[in-house]
Amino acid sequence: MYHKVIQIIFLILRTKLNPLLLMLTSMQMFANPIDESNKILESKKIESIMYVGNSFFYYNNSLHNHVSSIVKNHRSNQSLKQRSITINGSSLSWHPLEAYLNNENIGNFRIDTANDNEYVNIEDTAIDAVIFMDCSLCPIHPETKKSFHENVAKYTKIIRARGMEPILFMSWPYKNKPSMIKELREEFLRAAKVNNILLIPVGEAFHAFEKKYPEINLYTDDFRHPSKEGTYLAASVVFATLFNLDVKGTRGKKDIDAKTTLKIQEIADLTVKNFFNK
């Protein structure tokens, strides 16, 4: 702990109190509980993912499509099959997870719109990992906090019993309630540590980006759901976490200008590196 304090003091002096670097460096102190689970994931090749969540996932033509865009345009030539199952406003308890994982028909075909709507059969519907999230307040609301932890444990057990990797998605604080980050951080890290699972630190990235670039809106008018920039930031953090690769330099989305894209990518990369002490 003494060496960590010295490191932070040195950084303050070197960067002339740069708030972003100081904040991201402090994340390292919160990363320790999940370092082990991150190493477990690094030994596995993730080629197919199921997302289980709510409207935070499906806004802006769905998080998984933004991740697909990064995968497609990234210099590393990764490949990733994805399917997303969402219910608006849902808690983890609303989803029949076992039914999803037992249903081999999920993802067994696609319609190729680029080839005259040709029906394409897909034989391999195996899933390597499940990325899941609870409702945005469930981890910290006094009426749902207990069930959040119970459901994370339940999901972890069900997913691991099938040889898949459970991955918890950390949601973000509301735009008009930035102090939520403290409680969210505490509960998500606790869940990740207790269940020894990987945590995708999207909430940390939102918090850091809001501090650094408040003029760029990551939220819609309700102060909760993501704007297109917010979804792209979330997708960038998902990609950087899953593949342990920088997103910076990847061609972005057509409807987000190049300067904003670069800022999003840089925050995503810094967040992931600092969160996992990379």
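Everything below is about the structure printed above this text.
In what follows, the accompanying structure is described.

What counts and how
- Residues numbered from 1 in each chain as written.
- Predicted model: local features only at pLDDT ≥ 70, side-chain atom pairs only at ≥ 80, totals over all residues.
- Heavy atoms only, no water.
- Pairing = 2+ DSSP bridges.
- Helix = DSSP H or I, 4+ residues; strand = E, 2+ residues; numbered from the N terminus.
- Axes fitted to C-alpha atoms, helices over the stretch in contact; angles between N-to-C directions.
- Contact = heavy atoms within 4.5 Å.
- Salt bridge = Lys/Arg side-chain N within 4 Å of Asp/Glu carboxyl O.
- Buried < 20%, exposed > 50% of the residue type's maximum accessible area, 1.4 Å probe, protein only.
- Parallel < 35°, antiparallel > 145°, perpendicular 65-115°, else oblique.
- Left-handed = near helix turned anticlockwise from the far one by under 90°.
- Polar contact = N/O pair within 3.5 Å; in protein donor to acceptor, adjacent residues only side chain to side chain.
- Disulfide = S-S within 2.5 Å.
- Core = buried A, V, L, I, M, F, W, Y, C linked by side-chain atoms within 4.5 Å.

**With respect to the sheet that holds strand 6 (residues 165–169)**
Spatially, five strands are ordered 2-1-5-6-7 in an open sheet, and the strand pairing comes out parallel. Single-partner strands in this sheet number two, and they are strand 2 (81–86) and strand 7 (198–200). With direction set aside, neighbouring strand axes in the sheet form an average angle of 25°. As defined by bridge partners, strand 6 adjoins strand 7 across three bridges and the pair is classed as parallel. Considered in strand 7, the bridge of Ile 167 is made with Leu 198. Where helix 8 (residues 145–161) meets the sheet, it contacts strand 1 (48–53), strand 5 (129–132) and strand 6, and its direction lies at approximately 150° from that of strand 6.

**Regarding the pattern of salt bridges**
With the rule as written, the count across this model stands at nine salt bridges. We note a salt bridge from Glu 98 to Arg 162, for which the minimum N-O separation is 3.9 Å. Within this pair, whereas Glu 98 is found in helix 7 (residues 97–102), its partner Arg 162 is found in the loop between helix 8 and strand 6, the two being separated by 64 residues in sequence. Among the residues examined, Arg 162 registers a relative accessible area of 29% and is labelled partly exposed. Salt bridges sharing common partners tie together Lys 145, Glu 187 and Arg 190.

**Observations concerning the packing of helix 10 (residues 202–212) against helix 11 (residues 228–243)**
At a closest axis distance of 9 Å, the pairing of helix 10 and helix 11 adopts a crossing angle of 130°. With respect to helix 11, the element helix 10 is oriented oblique. Where helix 10 crosses over helix 11, the handedness of that crossing is right-handed. Listed contacts from helix 11 to Val 202, Ala 205, Phe 206 and Phe 209 of helix 10 are Gly 230, Leu 233, Ala 234 and Val 237.

**Description of the side chain of Ser 90**
Its location among the elements puts Ser 90 in the loop between strand 2 and helix 7. Within the structure, Ser 90 has its side chain in polar contact with the side chain of His 95 (distance 3.2 Å). Excluding its chain neighbours within four sequence positions, the residues that come into contact with Ser 90 are Gly 53, Asn 54, His 95, Asp 134 and Cys 135.

**A few points about the state of the cysteines**
This structure, assessed with the given rule, holds one disulfide. A sulfur-sulfur separation of 1.9 Å characterises the disulfide bridge that pairs Cys 135 with Cys 138. Looking along the S-S bond of the Cys 135-Cys 138 disulfide, the torsion reads about 105°, which is the right-handed sense. Each member of the pair, Cys 135 as well as Cys 138, carries the same accessibility label: buried.

**Some points on the nonpolar core**
General note: in soluble globular proteins, nonpolar side chains tend to be found buried as a group. Counting 74 residues, the largest nonpolar core has Ile 131, Phe 132, Phe 169 and Leu 233 as its most contacted members. A per-element tally of this core places helix 11 first, with 10 residues. Contacts of Phe 169, omitting those with residues within four sequence positions, involve Phe 57, Leu 63, Ile 131, Phe 132, Met 133, Phe 188, Leu 199, Ile 200, Val 202, Ala 234 and Val 238.

**Observations regarding unusual backbone geometry**
A positive phi angle, near 60°, is found at Asn 77, a position not held by glycine. Looking at the secondary structure, you find Asn 77 in the loop between helix 6 (63–73) and strand 2. When its relative accessible area of 68% is taken as the criterion, Asn 77 is described as exposed. Although it is not a glycine, Asn 117 adopts a positive phi angle of roughly 55°. Turning to its location among the elements, Asn 117 is positioned in the loop between strand 3 (109–112) and strand 4 (118–121).

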